[in-house]
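# Remarks on the overall topology
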Amino acid sequence: AIMAPPPSNRGLAALCFCLYLATNLGALLLASASQRAPTRYINSTAVTLSEVLKVAVSVLAIYAEARGLGGAARTVLATLLGSPAELLRVCVPALLYTIQNNVIYAALAHLDAVSFQMAYQLKIVAAMLAQRVLLKKPASYARWVSVLILTLGVCLVQLSLKEGDGDGDDAAPAPAPEAASADEGGSGDPAAAAAAAAAAGRSRTLGLLACLVACGCSGLAGAFMELLLKGSTLSLPRRNLQVAAISVLIAAFHMLNRDADALRAGGFFQGYTPLVWAMVALDAGGGLLVSMLLKYSSATMKNFAAPIGIILNCLLSFYRDKSFKPNKRFLLGTAMVILALGMYTASG
C-alpha cells in the first residue's frame, strides 16, 4: 500500500503546490499575451519544446546526483534502456492522457464551455476513487466533503463567469489538455470541432459521456503516475526523465502528424518571442513540479491548483483592466474553494 506523505514532507508539498500554482498562472497570462502577437507560434511546437526542456532538466539533475559525466551518462542509459518493463509502465499514463486529450475535444463539440467545465470537475472525484483502487489509499470523510465543496465552488465560479460574459458558449475557457508529464498536450482544434458539431447537431448525452471518460482517464493517469513515483526505487530525476522521454515521442508524433505543412512553410520557431519562450519554460517547470506534488502529496491535491488558478486569473483581470467584475456567485464560489483547500490539507 502507498501511504500518505510523512509530516516532514508536508512543507515541501505545500511549497511545490504554491510554485505549481504560480507557474500555471504565469503560463496562462503569458499565453494570453502571446496570442496578440502578429505571427502566431505553432502550439504543437511549444508542447514538444516543453517536453525537451524537461528531458534536459532531468539529465542535469541526474548529473548533479552522479557528480560526474561518466556516472551521469551510465545512469541516463540505464534509466532509458536498462529496464524496458519500467519504461512500458510509464507508457500507461501517457496513453491515458492521450485518450483524455482527444475525448476532451469530443466533449467540447457537444457541450458549451461552462457545462463542460462544471462536469469536468468530476475528475477530482475520479482521482480520489483511482487512488483508493490503485494505491489502496482510503480518504477520510472530511476529504470527501472538501472535494464536494470544491466541486460546488468551482461550479459557482464558472456560472459567475457565464453570467458576467453573457450566455454565449464560450463564456468560460476550456481547460488545457494534459500530457504524460501530468500537465500539457493534446491534439485537435476545439473551435473547429465545436463548429463541425454545430453543423451536424449536438448531442448533450454524448458530450456528458465523453466528459465522464475524460474524467476517468485523468483520475487513472494521475493515480498511476503517483504509484510510479511513490512505489519505485528510482530517484525523482530518473523517473522524470522516463516520463519526459515518452512525452517527447508522443508530442513530436502529434506535431509532425498535424502541423507538418506549417512547419515546412515557416519553420519550428515561427512566431517565437521572449513571451513564448517564457511560457514554454514555465510550462516545463510546472510539469516537473507536478511530479514533485504527486510524489510528496497526491493527484487530488494537484487538481486544486486549476480552480484556484481560474480565480486568480479573474481577479488579475479585474485589477488590470476591469474586464471582469466579481459578483456574489464568484465570491461565494471562491470562499468555498478556499474552504475546501483548507479542509483537505488539514485532514491529511
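Residues numbered from 1 in each chain as written. Predicted model: local features only at pLDDT ≥ 70, side-chain atom pairs only at ≥ 80, totals over all residues. Heavy atoms only, no water.

### Considering the overall build of the protein chain
When helices and strands are counted, the protein chain shows 14 helices and 0 strands. Ordered by position from N to C terminus, the α and β elements of the protein chain give α-α-α-α-α-α-α-α-α-α-α-α-α-α. Residue burial in the protein chain is summarised as follows: out of 348 residues, 49% are buried. Considering only contacts in the protein chain between residues 6 or more positions apart, those separated by 24 or more positions represent 85%. (Helix = DSSP H or I, 4+ residues; strand = E, 2+ residues; numbered from the N terminus. Buried < 20%, exposed > 50% of the residue type's maximum accessible area, 1.4 Å probe, protein only. Contact = heavy atoms within 4.5 Å.)

### Concerning the nonpolar core
In a soluble, globular protein the nonpolar side chains are often hidden away together inside. Ranked by size, the top nonpolar core spans 39 residues in total, and within it Phe 17, Leu 150 and Phe 304 carry the most contacts. Apart from the residues lying within four places of it in its own chain, the contact partners of Leu 150 are Ile 124, Phe 304, Pro 307, Val 337 and Ala 340. Listed in part, the 13 residues of the second largest apolar core include Tyr 105, Phe 116, Tyr 120 and Cys 211. (Core = buried A, V, L, I, M, F, W, Y, C linked by side-chain atoms within 4.5 Å.)

### Comments concerning the packing of aromatic side chains
Enumeration over the complete set of coordinates arrives at 5 aromatic pairs. Ring geometry for Phe 268 against Phe 269: centres 4.8 Å apart, planes inclined by 70 degrees, an arrangement best described as edge-to-face. Given a relative accessible area of 25%, Phe 268 falls into the partly exposed group. When the ring of Phe 269 is compared with that of Trp 277, the centres are 5.6 Å apart and the planes differ by 25 degrees; the resulting orientation is stacked. Under the relative-accessibility criterion, Phe 269 is labelled partly exposed at 46%. Members of the aromatic cluster, joined through ring pairs, are Tyr 41, Phe 268, Phe 269, Tyr 272 and Trp 277. Geometry around Tyr 41 places Arg 40 over its ring, the cationic atom sitting 4.6 Å from the centre. The ring of Tyr 344 has Arg 143 sitting right over it, with the charged end atom 4.0 Å from the ring centre. (Phe/Tyr/Trp six-rings, centres within 6.5 Å; stacked < 30°, edge-to-face > 60°. Lys NZ or Arg CZ within 6 Å of the ring centre and 35° of its normal.)

### Quick word on the packing of helix H4 (residues 84-108) against helix H10 (residues 236-266)
Interaxial distance between H4 and H10 falls to 10 Å at its minimum, and their mutual angle equals 50 degrees. Taken as axis vectors, H4 and H10 run oblique relative to one another. As for the relative orientation of H4 and H10, their crossing is right-handed in sense. For the pair H4 and H10, the contacting residues are Glu 86, Leu 87, Val 90, Cys 91, Ala 94 and Thr 98 in the first and Arg 239, Gln 242, Val 243, Ile 246 and Ile 250 in the second. By residue class, the composition of the contact of H4 with H10 is 7 nonpolar, 2 polar and 2 charged. (Axes fitted to C-alpha atoms, helices over the stretch in contact; angles between N-to-C directions. Parallel < 35°, antiparallel > 145°, perpendicular 65-115°, else oblique. Left-handed = near helix turned anticlockwise from the far one by under 90°. Nonpolar A, V, L, I, M, F, W, Y, C, P; charged D, E, K, R; others polar.)

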